[in-house]
Every structure is written in structure tokens, then in C-alpha cells.
Amino acid sequence: MKRLLTSSILALATLSLSAQGTVEDYNNAFATRQKYAYKMTHGNVSVRPPYQTPDSKMQYSVYDGDSTIWYEVDIKSGAKTRIADPNVKRRDQHRPAGEQYHWMVVRDEKDGRAESPVDKSLAIIHRANNLYLSSNGADDAATAITTDGTDTCYYSSWGQWSKDGKYYATVLIKPAPKRFVTYTLSSPTTQVQPIYSQQEYAKPGDTLNYRIPVVVDVVNKKTIYPKSNELFRSQYFVTAPEWDEGGQTLTFEFNERGHKTYRILEMDLNGNVRTLIEERNDKYVAYSRNLRRNLDANHILWKSDRDGHAHLYLYDRKRDRLTQLTKGDYWVRDVQHSEIDAKGKGYVIFSANGMNCKNMGAPTSSLDGTIAEEDPYNIHYYRIDLNGKNLVALTPERGNHKATFDREHKVLIDTYSTVDTPPTTLLRSATNGKAISTLETADISKLQATGWQAPEVFVAPGRDGKTDMWGIIQRPRNFDPNKKYPVIEYIYSGPGDQYVPKSFTPWLWNLADLAELGFIVVQLDAMTTSFRSLDFEQVCYKNLKDAGFPDRIAWIKAAAAKYPYMDIERVGIYGCSAGGQEALGALLFHPDFYKAGYAACGCHDNRMDKIWWNEQWMGYPVDSSYVECSNVENAKNLQGKLMLVVGEMDDNVDPSSSYQVVNALIKANKDFEFILLPGAHHTMGETYGEHKRYDFFVKNLLGIDPPAWSEFKK
């Protein structure tokens, strides 16, 4: 009896330290948006596009605590004047919707109409797989200018005339069979019976259209073909040719199937094709990050990560020479402006991250998470001459910057902040970065009065013990360091971006809401994500299941070593889309650490998902690595608690990707929860799923029964 009494007392004591997941906590979680919205003033600056503003002026809006107000700024003095909302008239304008196409649809390019730049009465149209010349809108009487187009190799009407009106540049298309995903809308609002539909949806390994750049001699009705397709043979895609400034050559881009080679190619009017710029990588060329600007007839501005970081290069067509303009252990993100004169002199304004760090791969913190230098992901803006000299930092303050330039790129409105430092907005010179005036300084006193907790930036080494991982830790408003808190990680990983917020945001819904239930919620950018180095990112190649988990586990353990109230014996994880795939992958591949996972609309088998994402990172042809990374193939290894969620009309990830996981789990006799949301598209779970997610983690990490749904007002 004495032992039983002692056990009961200990149990009660433990309960008192971890009494969380209450109705009050749920109400707090449901209400975070309402509590935090509109509590920050003078911080959410939105700059109007410069092409919509008067000369020598810039315009922006900001919330002042009562309403959104507008200001006009004189770019010379920095003086601002309050004005009426300049967008009212634009909102009233009627804009025809036009035909809408789903982003997975590959258009047949037969619906183009191109007017001659010399004689506007002439236009090229498409008919019966060929190109026709129409005069004065009399399409029925149009004359064929090509005759060899067929169903299996036809002319695209999405082309471009030469400036002299003599030639038309386009492509011949050899169409490939299309794949379609079938959908069942089980519960339509318009009828009793379900509605069935199909969506075009290419997947890894599918055949693709083959495109051949051609030039049509409009006057002589003759087609000029490339003399060889050797430089663009194994295609993922070939862009339509564009006329160069001289009108005697055309430029197009070739993306190799498998993405190991990318070329900018030139073709002349004799059909000769040569390479101007070539990118090669034994894993992949991240083609979606490429940036190309034709500065003049002889110079191309090009962005490449060929040296391990994304940098700017200048290609000289006359000399056939590529010169690196920016260099260092940082990552160029985008180009805002570029100019060149007749002598080839000029400058570029660009954004980049990591330049303020000593080394984006070296340690930047001590073992206790104390940060020694700036977050390497913070974006800053710079100016550099086209000879690679005279680099100027336009936005030097520590923080994540977002800049908008005036029409002539003389000044910029710059708003900068961090996740725990509210925004400041300046007008500054685009020549030297000098601040002209302070336009806005955010006030978060009302936000702080709600009990709002800023996330903490935490840094710790990853799997190699030296490369820092940057993330954030979110605590509940009623945080008590004497309690023990389970840890939940919000995950979206993979290449193409970084995902941890870097700017000040009062409501971090994917962290703050769950934290209110009695959790410490974390998010970090681990290896396999972008903008640090290629080595950092390319861990993902043919290995998306990695998802940076060795780094994530090391980082969470380091945080728990500093903060013992983080209970890493009770770690959960959740995410949607790629994050859904990764949340389930955590339970399959790292069950000793992750005990519960909520996986929404996951691409659980990369063979089932969209072609462009998966072939870029998993490679082509489809091989055994796809099987090794598949949550379906590995479902038999499930440990821990799982909740799967999918929308039946998900047109981003084929819903059958989730259904196949369900099937595999059932065959393996695994215990799990599954929620199908009728009518829902690609979603974290909508309102119903959000509540189910709360209950799932409260039950499986806090170890208590969630409050009855009838206790909440809806």
C-alpha cells in the first residue's frame, strides 16, 4: 500500500508539472491569429511597383493601428506625403479572365497569333499542323508558308518574327503521349452523384515532347532546320528560339533529361548551332535557379553555381569568354537591375545571402547556441561593376532585407528585420547605400501586451560536428521553465529553397499555434536545403529521404542540452507535401528519435509525384534510388504513431501516393490513423485536420485525452 501511495503521489506531481492540452490551451491555439493580427503597427510596409508611380516618386502603404494608409515619397529629399489609396481605380477596372490552364498542362502551342512587326495586317496562325500567313484578318483565306507539318511533328505557332519581317522563329514539336490522373469528387454540392475528372500530370520517367528550333523564311516559304541536333539531343526541354539583336542569329536554351547538362545555344540562318554557355554537374544543374540577361548584342549576364555557390558571370560573345563577376563564400539570389554602355562598361544590382558571414560552412556559434555572427540566410543588396570591381553594400544593417527600387534605380525603399527584431524601413541611395530618410519604424507594444513570445534563433552543428544549422524555437505564451515540454518539429525540407522564416512575422502559424497546447515547436534548415553551398544541398541527390535528419536530430539534441525542459524522449514531427513525405519518413527511417508524425498530402513515392520536382533531385532514368526513398516500399518499418491526411482533389500531389501508403500499412498490419478530406485540394488539413492534428499530438506526446470537441465554440 505504501508503494502504491508513493507511486500515486509521484504521478500527481508529474501531472502537475505537465498539465497541458487543456480547453484553455486549445482556445489559445485556435485564437493565435486573432490575438496577434494587426497588433504590429508601421511594420508591414508594401511598396507599389515603380512602373505604377509618377517620376521621381515612390509610393507605399503601411498599417498605422487603425487602417492601411498610403504615402508618396520624394526620392531626392526623402520627404513623404500622405495620399489617397492609388489602387482604387485599378480595382474597379474589369480584367477579362481568359482561359485558365492548370500548371501541369503542357500546351500544344497551336493557338498563337503573331503579327508582323513591319506590316500589322499580316499575322502567322496555325492550321492543320502548319503555319499560315493571314492578311487583314481573313484567316479563312490564309496562305500556307509550311507544308511538312504532321500530327507527329507539327509547327508551334508560339514564335517570334525577325525585326525586318522576313523570318519567323519557332519550334517543331514531336508530341509525346500524355499521362492523366483521375479524380473523384465524392461529395459535390451540385448533385448527389460523384463527379469524375482527369488532370494532365506527367510523372518521372514519362516520355516528353521533343522540340526542334527552326526558322521559317516567310517570303520564300522555306524552313531552315538545324544542321545537327547533337547539342540538344536528349531533351527535358528546349526553349523557343529568340532573335539576337543583330537579327542574323537566334539563341535558345537546352535542358538535358536528367539535368546534368544545361546549354545556351546559338543558331544562325544557315542552321549552324554552337554552344555559348554550358553548365555541367555530375549530380544536377539546378536549372530553375539559372538567370540570364542579354545586356546588349555582345554580352550576356549569367548566374551559375558552378564553383559551389551561385554567382554572376559575364559572357562575351565576340571573345567566347565567360568571366566571373562575383566570387566568395556567399550565394547570389537575384538580379534587380543591370546597365551597360557602348564601351561595355556598366554595373549590376543584385541580392545575396551569406556575404556578411566569415564562412557559410564554418561554425558560427558556441555549443550553447550563442550566435557569433549574422544569419547566413539573411538577404542583402549590392552593386558591382561589370568588371567585377567596386562592390558596394547597399543594405549593410544586420537583418533580412527586402528592397524595392524606383523606376530609374536611383533609390530603394528597404525594409529589414529578423524573426525577433521588428522592421525598420528606410529610403536609401542605390549608388552607395546611404540612408536618405527613415520612413517607418515598427511598434510592437500592443503585440507584446498579448503575451506574445518571439521565436528564439538557435544555432548548432549538424551531422559533421562543425557545419552550423540555423533554426528557431517557439515557446508557448504561458511557458514555464520548470515544466517538461515535448518537442514538435515543423518540417519542409529539400532543395530549391530555405524554409525557416527570417523576417519578423507576428503570427508564425506553423509554430505558434501548436506551442500553445504545451509543446516546444521548432523549425530548421538542415542539409538538402538551398542557399548555403552545393555540397550542403546535394546531399539530397537520389536521396530525398535524407531530408537533413542527421542534422535535425543533432540540432534538437543540442537545444535540449541547453534547455533541459525540452523532452527529447517525446519528439513529434509534422508537415505537408514534401514535408508530409518527410514527416512519415522520420518515423520510418529514424524511429528511435521521432515518436509521432502527422503527414499531410505527402509525395510518399517520388515515382508518383510530378516530373519536374522529382527528376531534378532524384535523377533520370528512374532507378533503385526511387525505391529506397519510397515511404510506400518502407511502410513495413513503421514505428511510433502516425496520422495520414490527404485531400481527395489534391492536384499538386497525386492522392494515390497517400492511398498506396495506406495500402502498404494495412498489408503490414500497422496501426495508424487516416483522414480523407472530401473536396479538399493540397492542404495541411484545413480546419478539421488542424483540430485532429492538435488532438493527435496531445494524445500521443502529452499522453492525455484531448478535450471533447463539444467543449469548443465553433
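In case you missed it, the structure is sitting above this.
Positions within a chain are numbered from 1, following the residues in the order the chain's sequence is written. The predicted origin of the model limits local features to residues at a pLDDT of at least 70 and limits the giving and counting of side-chain atom pairs to 80 or more, whereas totals for whole chains, interfaces and linings rest on all residues. Heavy atoms throughout the structure, all of them, feed into the side-chain values; hydrogens and water do not.

1. Regarding unusual backbone geometry
Here comes step 1: Here Tyr620 and Pro621 are connected by a cis peptide whose omega angle stands at 0 degrees.
Here comes step 2: Note on placement: Pro621 falls in the loop between helix H10 (611–618) and helix H11 (624–628).
Here comes step 3: The residue Asn390 is not glycine, and still its phi comes out positive at about 60 degrees.
Here comes step 4: Secondary structure follows DSSP: runs of H or I at least 4 residues long count as helices, runs of E at least 2 residues long count as strands, and numbering of each begins at the N terminus. Residue position: Asn390 is located in the loop between strand E27 (379–385) and strand E28 (392–393).
Here comes step 5: Exposure categories follow from relative accessible area, calculated using a 1.4 Å probe and restricted to protein chains: below 20% of the type maximum is buried, above 50% is exposed, and the middle band is partly exposed. Since its relative accessible area comes to 52%, Asn390 is described here as exposed.

2. Some points on the sheet that holds strand E29 (residues 400–405)
Here comes step 1: Strand order in the open sheet formed by four strands is E29-E30-E31-E32, and the pairing between neighbours is antiparallel. One side of each edge strand has no neighbouring strand; the edge strands of this open sheet are E29 and strand E32 (435–441). Across the sheet, the mean angle from the axis of one strand to that of its neighbour is 20 degrees, orientation sign disregarded.
Here comes step 2: As defined by bridge partners, strand E30 (residues 411–418) adjoins strand E31 (residues 421–429) across seven bridges and the pair is classed as antiparallel. Its bridge partner lying in E31, Leu412 is registered against Arg428. DSSP calls a pair of strands paired once it identifies at least 2 bridges connecting them. Fitted lines through C-alpha atoms serve as axes, helices being fitted only where they are in contact, and the angles separating the N-to-C directions of these axes extend from 0 to 180 degrees.

3. A look at the sheet that holds strand E3 (residues 68–74)
Here comes step 1: Ordered by their spatial adjacency, four strands build an open sheet running E1-E2-E3-E4, and the pairing between neighbours is antiparallel. Every interior strand has two partners, whereas the edge strands, strand E1 (46–47) and strand E4 (80–83), have only one.
Here comes step 2: In this structure, E3 lies alongside E4, joined through four bridges in antiparallel fashion. By the bridge assignment for E4, Trp70 is matched with Ile83.

4. Brief notes about the side chain of Asp695
Here comes step 1: Position of Asp695 relative to the elements: it lies in helix H13 (residues 686–702).
Here comes step 2: Positive: Lys, Arg. Negative: Asp, Glu. His and the chain ends are not part of the count. Any Lys or Arg side-chain nitrogen located within 4 Å of an Asp or Glu carboxyl oxygen qualifies as a salt bridge. For the buried Asp695, no salt bridge exists, and the shortest N-O distance to an oppositely charged side chain is 5.7 Å, to Lys692.
Here comes step 3: Here, residues are in contact when the closest pair of their heavy atoms is within 4.5 Å. Apart from the residues lying within four places of it in its own chain, the contact partners of Asp695 are Tyr26, Pro706 and Trp709.

5. Describing the nonpolar core
Here comes step 1: Formed by 47 residues in total, the largest nonpolar core has its most connected members in Trp555, Met566, Tyr594, Leu642 and Leu644.
Here comes step 2: Take this core: its biggest share by element is seven residues, from helix H8 (residues 549–562).
Here comes step 3: Excluding its chain neighbours within four sequence positions, the residues that come into contact with Met566 are Lys484, Tyr485, Val487, Ile520, Val522, Ala559 and Ala560.
Here comes step 4: Nonpolar core, defined: a set of buried Ala, Val, Leu, Ile, Met, Phe, Trp, Tyr and Cys residues in which side-chain atoms within 4.5 Å join the residues together. Core analysis: the second largest hydrophobic core is formed by 34 residues, Ile488, Leu511, Met643 and Met684 among them.

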